[in-house]
Amino acid sequence: MKVLLHKEMTMKKNINQLKEVRKVIELENNSFLTDLYGEHDENLSKLENNFGINISYRGNTIEFRGESEPCQTASQLVLKIYKKLSKGEKINSGLFDNFSKKYSADNSEKLSTVLIKTKRKNIFARSSNQSKFVGLIHTKDLVFGVGPAGTGKTYLAVACAVEALLNKDINKIILSRPAVEAGERLGFLPGDLKEKIDPYLRPLYDALNDLMPEKALEKYLEDGTIEIAPLAFMRGRTLENAFIILDEAQNTSSMQMKMFLTRLGRNSRMVVVGDSTQIDLPRGERSGLAEILSIMPKTKEIGNVHFKNKDITRHSLVTKIVRAYEKNGREIKNKA
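Reading the values: the criteria
Residues numbered from 1 in each chain as written. Predicted model: local features only at pLDDT ≥ 70, side-chain atom pairs only at ≥ 80, totals over all residues. Heavy atoms only, no water. Pairing = 2+ DSSP bridges. Helix = DSSP H or I, 4+ residues; strand = E, 2+ residues; numbered from the N terminus. Axes fitted to C-alpha atoms, helices over the stretch in contact; angles between N-to-C directions. Contact = heavy atoms within 4.5 Å. Phe/Tyr/Trp six-rings, centres within 6.5 Å; stacked < 30°, edge-to-face > 60°. Buried < 20%, exposed > 50% of the residue type's maximum accessible area, 1.4 Å probe, protein only. Core = buried A, V, L, I, M, F, W, Y, C linked by side-chain atoms within 4.5 Å.

(A) Representation of the sheet that holds strand β10 (residues 242-246) within the structure. Within the open sheet, the 6 strands sit side by side as β9-β8-β10-β11-β7-β12. Their pairing is parallel. The open sheet terminates on both sides in strands that have one partner only, identified here as β9 (226-230) and β12 (302-306). The mean inter-strand angle of the sheet, taken between neighbouring strand axes irrespective of direction, is 15°. Strand direction decides the pairing type here: β10 and strand β11 (residues 269-274), joined by 4 bridges, are parallel. Opposite isoleucine 244, over in β11, you have methionine 270 as the bridge partner. Contacting β7 (142-146), β10, β11 and β12, helix α5 (residues 128-139) runs over the sheet at an angle of about 165° to β12.

(B) Geometry of the packing of aromatic side chains. What the rule picks out here adds up to 3 aromatic pairs. Taking 5.9 Å as the distance between ring centres and 75° as the angle between the ring planes, the aromatic pair formed by phenylalanine 32 and tyrosine 82 counts as edge-to-face. Taken together, the positions of phenylalanine 32 in the loop between β2 (18-26) and α1 (33-37) and tyrosine 82 in helix α3 (residues 68-86) put the pair 50 residues apart, joining distant regions of the chain. Neither residue differs from the other here; phenylalanine 32 and tyrosine 82 are each classed as buried.

(C) A look at helix α2 (residues 42-51). Here α2 has its buried residues at Asn43, Leu44, Lys46, Leu47, Glu48 and Phe51. Looking one or two places after α2, you find glycine 52, whose phi comes out positive at around 65°.

(D) Spotlight on the nonpolar core. Of all hydrophobic cores here, the largest spans 36 residues; its most connected members are Phe133, Val158, Leu208, Ile226 and Phe243. Of all the elements in the fold, those that place two or more residues in this core are α5, α6 (153-166), β8 (172-177), α7 (193-211), α8 (214-223), β9, β10 and β11. Ranked by residues supplied to this core, first place goes to α6 with 9 residues. With sequence-adjacent residues up to four places away left out, isoleucine 226 is seen in contact with Leu165, Ile173, Leu208, Met212, Leu217, Tyr220 and Leu221.

Next up, the structure:
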C-alpha cells in the first residue's frame, strides 16, 4: 500500500531582482500530520527559524517559500520524518532540532573569515547574505541591500566605509537618510533644525561610535571627512573620491532616489539600504527604492542583496515579530 504521495512544484518569481522558490509537497496519509507539524505547529516553526524560510500548509499540502537550497533541504527533512511516522516509528521535536542544528553548522563553516577590519574590531559575517553583501560592496560601484530590520545592512555598509577610509581608498564618507516622519511630526520636536534632524541620523552615529575611537571620529566629523546629513542636503552636489551610503531608502520618493543616485562621481562607491516593509511615505506615494529595483539596469557595476528573516542578528524575538507581521500580511492579502 502506498503511504506517501510526493508532489513537488517549484516556481520562481522575481522579487527585487532576486529569485524566490516556492516548493510544494503533498502527503497522502493525514493520520500523521499532528505528530509531524507538532503542537501549535512547533516543529514547522523550528524549521522556519533555522532555515530562514516561510512554511505554510493547508491540510496535507505543505508549501515552502524562500531561497532554493534551504527550501529543498527543509522539504526533504519533512519527507524523511514523514516516512518514519508512516512506518510506525515514534519521533519527538528534538529530531527537528538536531537536523536544523546540523544544517546551521554546515553553513557556519563558510562564515569564519574576517570580512571587515577597523581599528576597534574585526567583523565576521553572521549569515551568507551578509558575506555576499560585503563582497559586493568591495567589488561593485553601486550596491543595494534590501531586507527586514536587524539584518546588519546599515552597520555593515558603514563598516565597509570606515575600512575604505582607513585604507585611504577614498577621502570622504557621506552618510545620508531621508528625514521622513514615522508617525511623528518633525515640527513638534524640540530644538533648532539640527536638533530636530539629529534623531533621524542617530543610527548612523551609533554605527560609527562602535567602529571608530571617539577622538578620531570627532576629528573626522569636525573637518568634514565624515559627513552625516539628511538626503535633501545632497541636491546639486557631485560626490567624488567618496563612500556614500543612503539609509532607510524605502522612504525616498522617486525624485529623491534619482537625485541621490546621480550624485555618484569618479572613484566613488555608493550603497543603498532599506526595508520595503517599513515605508513611512504618505499613502499613495510610491517608494523610490521600489521603483529603482524594478527598473534598475543590468550591469556588472551594480550589486543587489535581498536579506531574509534568517539574516536577522538582533534578539531572537525580532525574527518572530517580523514573521508574525509577514504572516498577517499574507492572510489579509488572501482574504482580499
